Amino acid sequence: MSTQDPNEYRPSAIEEKWQAIWAERGTNTFTDEELRGAENPFYNLMMFPYPSAEGLHVGNIYAFTGADIFGRYQRLQGKTVFEPIGFDAFGIHSENFALKMGTHPMELIPRNIANFTRQLKRVGLMYDWNHTVDTTDPRYYRWTQWVFLQLYRAGRAEKREAPVNWCPSCHTVLANEQVIAGACERCGSMVEQRILSQWFFKITDYAKRLLENLSWIDWSETTKKAQENWIGRSDGAEVHFPLARRKVADDRHESAQVHAQKPVIPVFTTRPDTIFGATFMVLAPEHPLVDTLTAPGQKAAVEEYRRGVAAMDLVSRKIDKEKTGVFTGGYAVNPATGEDIPVWIADYVLMEYGTGAIMAVPGHDERDFEFATKFGLPIPRVIAASLDDADAPLIAAEAGDGVLVHSGQFTGLPWAEGKQAITKWLSERGLGEARVNYRLHDWCISRQRYWGPPIPIIYCEKCGTVPVPEEQLPVVLPFVADYKPDESGISPLARVEEWYRVACPTCGGEARRETDVSDTFLDSAWYFLRYPSANDQAAPFDPQITAKWLPVNSYIGGEEHAVLHLLYSRFITMVLHDLGHLAFEEPYLRFRKHGLIIKEGSKMSKSRGNVVVPDDYIAQWGADAFRTYLMFLGPYQEGGDFRDQGLVGPFGFLKRLWDTVLPVEELGTEAPGAELERKLHATIRKVGEDVAGLSYNTAVAAMMEYLNAVREGGRGANRSEIEPLVVLVAPFAPHLAEELWSRLGHAHGIFEGANWPQYDPARTTQDTVEFVVQVNGRVRARLPMPRGIPQGEAQAAALADDNVKRFVDGAAVRKVVFVPDRLINLVVG
RNA sequence: GCGAAAGUGGCGGAACUGGUAGACGCGCGGGACUUAGGAUCCCGUGGGUACGCCCGUGGGGGUUCGAGUCCCCCCUUUCGCACCA
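The structure presented is a predicted model; accordingly, all values stated were derived computationally and were not measured.

1. A word on the overall build of chain A
Per the secondary structure count, chain A includes 26 helices and 34 strands. In terms of overall dimensions, chain A has a C-alpha envelope of 105 × 90 × 50 Å along the principal axes. A total of 829 residues make up chain A; the buried ones form 55% of that total. Considering only contacts within chain A whose residues lie at least 6 apart along the sequence, 73% involve residues at least 24 apart. With an accessible surface of roughly 35700 Å², chain A has 51% of that area assigned to carbon and sulfur atoms. Side chains of chain A carry 87 positive and 108 negative charges; the gap between the two charge centres is 1 Å.

Rendered as structure tokens:
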């Protein structure tokens, strides 16, 4: 029971020992010179964390360990692996937490980062601590501001008005996620809309490219699908509905005329084939033509409706609810039928999608059907299963396919052809054209908050909007003791006069800084470019280093960032590429999502009290066992269930491996037996393939199986049998592997060289196979047979088996199915 | 509603192109060593059984010599998106 026994497995001791050695030798860190000259570079990226006050979550460790294993495996294959980490520490999350705690974020964040760093180091991740990034450091956000300026210069950033959620009680702007059922998540007051002037990045200009590149980038399919849906391509037509000459409701008898010079209402539709059924139009309440269209008698009602909509928060407006709306009193002309149709406004039409106006086809659109039913508008049928059904009554919207009916010269055309033909017809008459529309919106990057990088813009009375000259960056976020938002609805920076009052960079006159800060997603949209050049004070990223290391070889992260972070960083990369700053336009060659872990069958959360605190487990079992268990508990790309009991399995495995190798002097020197050697080669192959494909759980299982075989019946191991296993386990349990490797007499560290064992494919298979004999598809015998046995011999051997004989029972064999080296199936009777 | 994925022992989970269902681990049972063990090691472990076999991968059909795997219908769960025209 001596605790000083050098052959006892004491994880904490060896883990701390090797962490110190790695730091001292610089095993995982690079100088900038080394980065420039690296051979076989492999950039292994994982999503940097937001350094919360609670410390590292087990979910973070799960994500990082899986990525780290991949990096360590690449390294054991001889690659030079750059594996950086950083801190995504700006944003509303940090700010709200700081407000709650009453501690200033400038004080809180460095503390959290220090704690995270300590925890990350304890896990044994292969990070280059010489190349870290902290988004709140002016040396970093100086270049975030530089990125903004590049977009501004390229005309990809523009300022325009947009609504935001506003909590009248907290005096603050809320993100959509902070609005719960129309109320502020913090105080419960009803949220309102405010219209503010904000900065947008025109990501919609890139919608087509962002969508098309998805066809060739090597990403998790589900992630690509999420982006595809988010970008949301719709093929249809833009159609122009001229305003009717008469605008008043009771002026019904005047015939409609189509005059090209008249103002028109453009609409986007995916179903131009149903245009003959458009019996009314609906505009978003904010639509600019509403005032023109509104008849005097309807003015009061329209105004009231618009006020009601404006008071609503941005989230509840979009939830499906009973249709509401108001008639404007105005009419437009259906360009297909030539008839006047009434124009309504309703909040189910959104200004931000399409043109902010729709042609309503109640017969063939559910929402329009509901609206028409409620307000007594006509619901004609223009699509039917066949011409015979042209007058079948519509009891619900029929959004499916069919043939056109009651559609003038297009009647009888199948739906898809009608779509083409009508679009062509409208376009020949100058009333519309084919159009592709995207669901994707421009990226609003303005935040009326404190904790972010100030947007580098100056407003001058004479010169207008002036970008801060690049040499004047960074625009440093000032220390503001009271950074709480107030009722003005503008950033707390707008209260710091000595900060925002500046001389105009162009004319030197009085000017004012932009007081909004930028979105956290901008910080993370380019961080991977910064890592290799993290120490470069002269440029955001060094051209030579960037050419060598980018794009990223492997990126592993959570699916929750499938659409925002991953899309924004692709967009920023494309813009920087187009501006000549980067040679590539896609940032991540390969992206794989990891799954989420739950605890004992349910989601981990503070309210459930089932949050796994990693430090406790690591203290008890060691980082190696913790890492190995996390990778073992389920398929990495799908996630799994963390059970306290489960940890003892992988711990026991590591301990048995340790006990098998030590003491080294007692290891046998013989060659492995034939069967064990076969298993060794098969295991090397399986673990290599599984790790490369992120199937970590089965890789660990294969190693356990092999160790069990080595130790079967309590036998001791030969060195040649066990030494390769030390290398296979190294990505999972790097400390233990280093220690055993060194005790096995190697002068250099296990990760300093291409130490991954080779296998001989010829030796992965057995000479004897267990051959399955079926009769009529049911297993009746399992017979050992030599590999490569021909069908005739196998059949003879099968028929000689007593049990097989019983089932064949003298009957004629009608058919024989033979699968070489696996199975023979005798069909009788 | 739309989109995606998944339902396998007491539990977490394996199973490549259809070809021995349940690898590996937990738990449980037995044994060894021990004064003792909840430590360690070894062995066993889907259910039933007249010990020949039979039944078993959410439910119901189908294709096939053979289906967890393929096809059709249904049920359940999880995760995205959601009045997107």
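2. Section: the nonpolar core
Among the nonpolar cores identified, the biggest contains 174 residues, and Phe201, Trp443, Phe571, Ile572, Leu630, Val661 and Leu736 are the most heavily contacted of them. With residues up to four places along the chain from it excluded, the contact list for Phe201 reads Phe148, Leu151, Arg156, Ala157, Asp442, Trp443, Ile445, Leu522, Phe571 and Ile572. Among the nonpolar cores identified, the runner-up in size contains 50 residues, and Val290, Val326, Val349 and Leu377 belong to it.

3. So, helix α19 (residues 623-632)
Think of an α-helix as turning once every 3.6 residues; residues three or four places apart then point the same way. Among the 10 residues in α19, 9 count as buried, and that is most of the element. Within α19, the full set of buried residues consists of Ala623, Asp624, Ala625, Phe626, Arg627, Thr628, Tyr629, Leu630 and Met631.

4. Brief notes about the protein's contact with RNA strand B
Neighbouring RNA strand B are 60 residues, the closest being Lys323, Arg367, Asn803, Arg806 and Asn825. A distance of 3.4 Å separates a sugar or linking oxygen of RNA strand B from a polar atom in the side chain of Arg643. One of the side-chain nitrogen or oxygen atoms of Arg656 is found 3.5 Å away from a phosphate oxygen of RNA strand B. Sorting elements by how many residues they give to the surface near RNA strand B places helix α22 (residues 696-710) first, with 6 residues. Tallied by class, residues from the surface near RNA strand B come to 20 nonpolar, 18 polar and 22 charged.

5. Considering the pattern of salt bridges
As enumerated under the stated definition, the model contains 51 salt bridges in all. With a shortest N-O distance of 3.0 Å, Asp273 and Arg271 are connected by a salt bridge. Taking relative accessible area as the criterion, Asp273 reaches 0% and is therefore assigned buried. Given a relative accessible area of 13%, Arg271 falls into the buried group. The partner of Asp519 in a salt bridge is Arg447, with the nearest N and O atoms 3.1 Å apart. One end of the pair, Asp519, is in the loop between β26 (517-518) and α14 (520-524); the other, Arg447, is in strand β21 (residues 446-447), with 72 residues separating them in the sequence. Since its relative accessible area comes to 5%, Asp519 is described here as buried. Each of Glu158, Arg160, Lys202 and Asp442 takes part in a single network of salt bridges with overlapping partners.

6. A word on the side chain of Arg570
Looking at the secondary structure, you find Arg570 in helix α17 (residues 565-578). Classification of Arg570 by relative accessible area gives buried; the value is 0%. For Arg570, the side chain forms a polar contact with the side chain of Glu586, separated by 2.8 Å. If we skip the residues at most four places from it in the chain, Arg570 touches Arg209, Leu210, Asn213, Leu214, Ile217, Trp219, Gln227, Glu585, Glu586 and Pro587.

7. A word on the packing of aromatic side chains
The full count for this structure, using the stated rule, is 53 aromatic pairs. With centroids separated by 6.3 Å and ring planes inclined at 55 degrees, the aromatic side chains of Phe30 and Trp549 adopt a geometry described as tilted. A residue pair is termed long-range when its members are at least 10 positions apart, and Phe30 in the loop between α1 (11-25) and α2 (32-37) and Trp549 in helix α16 (residues 543-549) qualify at 519 residues. Summarising the burial analysis for this pair, Phe30 and Trp549 share the class buried.

8. Quick notes on the environment of Val828
With respect to the helices and strands, the residue Val828 is situated in strand β34 (residues 823-828). Considered as a pair, Val828 and Asn112 are 716 residues apart in the sequence and their alpha carbons are 73 Å apart. Apart from the residues within four sequence positions on either side, Val828 is in contact with Val775, Asn776, Phe807, Val808, Ala811, Ala812, Val813 and Arg814.

What counts, and at which threshold
Numbering of residues starts from 1 in each chain and follows the order in which that chain's sequence is written. Chains and ligands are labelled by the order in which they are written, letters from A for the one and numbers from 1 for the other. Two thresholds apply to this predicted model, a pLDDT of at least 70 for residue-level local features and 80 or more for giving and counting side-chain atom pairs, whereas whole-chain, interface and lining totals are computed over all residues. To obtain the side-chain values, all non-hydrogen atoms of the structure were used and water was disregarded. Helix and strand definitions here come from DSSP, where helices need a minimum of 4 consecutive H or I residues and strands a minimum of 2 consecutive E residues; each element is numbered from the N-terminal end. Burial status follows relative accessibility: with a 1.4 Å probe on protein chains alone, a residue under 20% of its type maximum counts as buried, one over 50% as exposed, and anything between as partly exposed. We call two residues contacting when some pair of their heavy atoms lies within 4.5 Å. All accessible areas in this document rest on Shrake-Rupley with a 1.4 Å probe, and a residue is counted as covered only by the protein chains that are shown. In this tally, Lys and Arg are treated as positive and Asp and Glu as negative; His is ignored, and so are the chain termini. Positions of charges follow a simple convention, taking NZ of Lys, CZ of Arg, CG of Asp or CD of Glu. As used here, the term nonpolar core means buried Ala, Val, Leu, Ile, Met, Phe, Trp, Tyr and Cys residues forming a set that is joined through side-chain atoms within 4.5 Å. The cutoff for a nearby residue is simple: one of its non-hydrogen atoms must lie within 4 Å of the molecule or strand. Between N or O atoms, a polar contact is any pair within 3.5 Å; within protein, one atom must be a potential hydrogen donor and the other a potential acceptor, and residues adjacent in sequence are included only when both atoms are from side chains. All amino acids are sorted into three groups, where Ala, Val, Leu, Ile, Met, Phe, Trp, Tyr, Cys and Pro are nonpolar, Asp, Glu, Lys and Arg are charged, and the leftover types, Gly among them, are polar. Salt bridge, as applied in this entry: a Lys or Arg side-chain nitrogen positioned within 4 Å of an Asp or Glu carboxyl oxygen. Any Phe, Tyr or Trp ring, taking Trp's six-membered ring, that has another such ring centre within 6.5 Å forms a pair; planes under 30 degrees apart are called stacked, those over 60 apart edge-to-face, and the others tilted.

So yeah, pure geometry; function would need other evidence.
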